[in-house]
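Spelled out, the chains give:
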Amino acid sequence: GRLKTVHILVRKEPYYRAEALQSGFKRLGYTLLHAGRPEPGAVLVVWGRKPDNEILCAAYERAGGKVVVMENGYLQRVDKTMYALSLTNHHTGGPVGDEDRFSKLGFDVKPWRHTVGGRVVVCQQRGIGRPGYASPVGWAEGFAAKIKKAGTTAYVRPHPGNHPPRVPLVADLAGASCCAVWSSNAGVLALVEGYPVVYNAPHWICEQGGTRGWNNPGYGDVSRAAALHRMSHSQWHHDEIKTGEPLARLLGL
């Protein structure tokens, strides 16, 4: 049969876990390439789907290969331990099994906070991703302006990657009526903390538990539980990635 090949465009340790990916793909019988070779069945792994790797991503997909997008995990107690894995685009997730992976993360899901008249916390994003999926320039500011025009208070929370936050997200959310995101991990924590979430991207990993209209936030325990379950099956500990199992599930092997 055809040689199974993978090209991994992910930086090395300590935090980007290239070694875990290499181990996982070797266990699945893939040959590691040092340069991309788009062909049927070939796999390309990228950290985020960004403009600088978009040409190669598109070439793999045109040739009948697959693009695995890796990012920081959506919800984790210890930073840089869990990693999100999706096919094609970040936040689309992967296959969902029956196992309860959410409980192992160590987060208590809080009751919904029905806050009338509270501010809307709009979480800035850095605009990383392929066209159509990346947050548009100035999205948070524009969204907040729309909310204020309708007579509701809004607060734009700077992206922690650009500006160290003055207070933790949970403190910024205190007294809020809802949290607005493009497609942010901040929204996942907000859901857990009991704040309804409005998302604006084509896909968000917890979209089952969110809504589109900021003035009609949804409170749904069943949909929230389903969203968090789905999220927990779309992120993996680096030790799990080493085994190859999450990669095999994602690629349908």
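Residues numbered from 1 in each chain as written. Predicted model: local features only at pLDDT ≥ 70, side-chain atom pairs only at ≥ 80, totals over all residues. Heavy atoms only, no water.

S.K.: Any details on the overall build of the chain? Residues and values, ideally.
M.R.: Secondary structure summary: the chain contains eight helices and 10 strands in total. Relative to the compact-globule value of 18 Å for 253 residues, the chain shows a C-alpha radius of gyration of 19 Å, a close match. Projected onto the principal axes, the alpha-carbon positions of the chain cover approximately 60 × 35 × 30 Å. The proportion of buried residues among the 253 residues of the chain is 49%. Long-range contacts, defined here as pairs at least 24 residues apart, represent 61% of the contacts in the chain between residues at least 6 apart. With 31 positive and 20 negative side-chain charges, the chain shows a spacing of 5 Å between the two charge centroids. (Helix = DSSP H or I, 4+ residues; strand = E, 2+ residues; numbered from the N terminus. Rg over C-alpha atoms; globule rule 2.2 N^0.38 Å. Buried < 20%, exposed > 50% of the residue type's maximum accessible area, 1.4 Å probe, protein only. Contact = heavy atoms within 4.5 Å. Lys, Arg positive; Asp, Glu negative; His and termini not counted. Charge placed at Lys NZ, Arg CZ, Asp CG, Glu CD.)

S.K.: Run through the packing of aromatic side chains, naming residues and quoting values.
M.R.: Ring pairs (aromatic) are described by centroid distance and by the angle formed between their planes. Taken as a whole, this structure holds five aromatic pairs when the rule is applied. Here a set of aromatic residues connected by ring pairs shows up, and it is made of Trp139, Phe143 and Trp182. Taking the ring centre of Trp112 as reference, the NZ or CZ of Arg224 above it sits at 4.1 Å. (Phe/Tyr/Trp six-rings, centres within 6.5 Å; stacked < 30°, edge-to-face > 60°. Lys NZ or Arg CZ within 6 Å of the ring centre and 35° of its normal.)

S.K.: Can you break down the sheet that holds strand E1 (residues 5-9) residue by residue, with the values?
M.R.: Within a sheet, each strand pairs with its neighbour through backbone hydrogen bonds, oriented either parallel or antiparallel. An order of E2-E1-E3-E4-E5-E10 is seen for the six strands of this open sheet, with the pairing classed as mixed. Since the sheet does not close on itself, it has two edges, and those belong to strand E2 (31-33) and strand E10 (235-237), each with one partner. Across the sheet, the mean angle separating the axes of adjacent strands is 30° when strand polarity is ignored. Contacting E1, strand E3 (43-47) and strand E4 (66-72), helix H2 (residues 51-62) crosses the sheet at an angle of about 155° to E3. (Pairing = 2+ DSSP bridges. Axes fitted to C-alpha atoms, helices over the stretch in contact; angles between N-to-C directions.)

S.K.: Kindly report on the side chain of Arg101, identifying the contributing residues and their values.
M.R.: Following the sequence through the fold, Arg101 ends up in the loop between strand E5 (82-87) and strand E6 (120-123). For Arg101, a relative accessible area of 8% corresponds to the buried category. A distance of 2.8 Å separates the side chain of Arg101 from the backbone oxygen of Ser232, its partner in a polar contact. Non-local contacts of Arg101, meaning those with residues more than four positions away in its chain, are made with Met82, Ser232, His233, Gln235, Trp236 and Glu240. (Polar contact = N/O pair within 3.5 Å; in protein donor to acceptor, adjacent residues only side chain to side chain.)

S.K.: Give me the lowdown on the pattern of salt bridges, citing residues and values where you can.
M.R.: Evaluated as defined, the whole model comprises 11 salt bridges. Its salt-bridge partner being Arg101, residue Glu240 comes within 2.9 Å of it at the nearest N-O pair. Within this pair, whereas Glu240 is found in helix H7 (residues 238-243), its partner Arg101 is found in the loop between E5 and E6, the two being separated by 139 residues in sequence. Linking Asp172 and Arg119 is a salt bridge whose minimum nitrogen-to-oxygen distance equals 3.7 Å. Of the two residues, Asp172 sits in helix H4 (residues 169-173) while Arg119 sits in the loop between E5 and E6, which places them 53 residues apart along the sequence. Judged by its relative accessible area of 6%, Asp172 is buried. By relative accessible area, Arg119 is classed as partly exposed at 27%. (Salt bridge = Lys/Arg side-chain N within 4 Å of Asp/Glu carboxyl O.)

S.K.: I'd like to hear about the pairing of strand E7 (residues 154-157), residue by residue, with values.
M.R.: Relative to E7, E6 runs parallel, the two sharing four bridges. Residue Cys123 lies in a different strand from E7, and its bridge partner there is Arg157. Read as a crossover between parallel neighbours, the route from E6 over helix H3 (residues 139-149) to E7 is right-handed. (Right-handed = clockwise from strand over helix to strand, strands pointing away.)

S.K.: Explain the packing of helix H5 (residues 185-192) against helix H6 (residues 221-232) to me, using residue names and the numbers behind them.
M.R.: At their nearest, the axes of H5 and H6 sit 11 Å apart, and the two run at 135° to each other. Considered as vectors, H5 and H6 are oriented oblique to each other. In this structure, H5 crosses over H6, and the sense of that crossing is left-handed. Contact residues: Val188, Leu191 and Val192 in H5; Arg224, Leu228 and Met231 in H6. Split into classes, the residues belonging to the contact of H5 with H6 amount to five nonpolar, no polar and one charged. (Parallel < 35°, antiparallel > 145°, perpendicular 65-115°, else oblique. Left-handed = near helix turned anticlockwise from the far one by under 90°. Nonpolar A, V, L, I, M, F, W, Y, C, P; charged D, E, K, R; others polar.)

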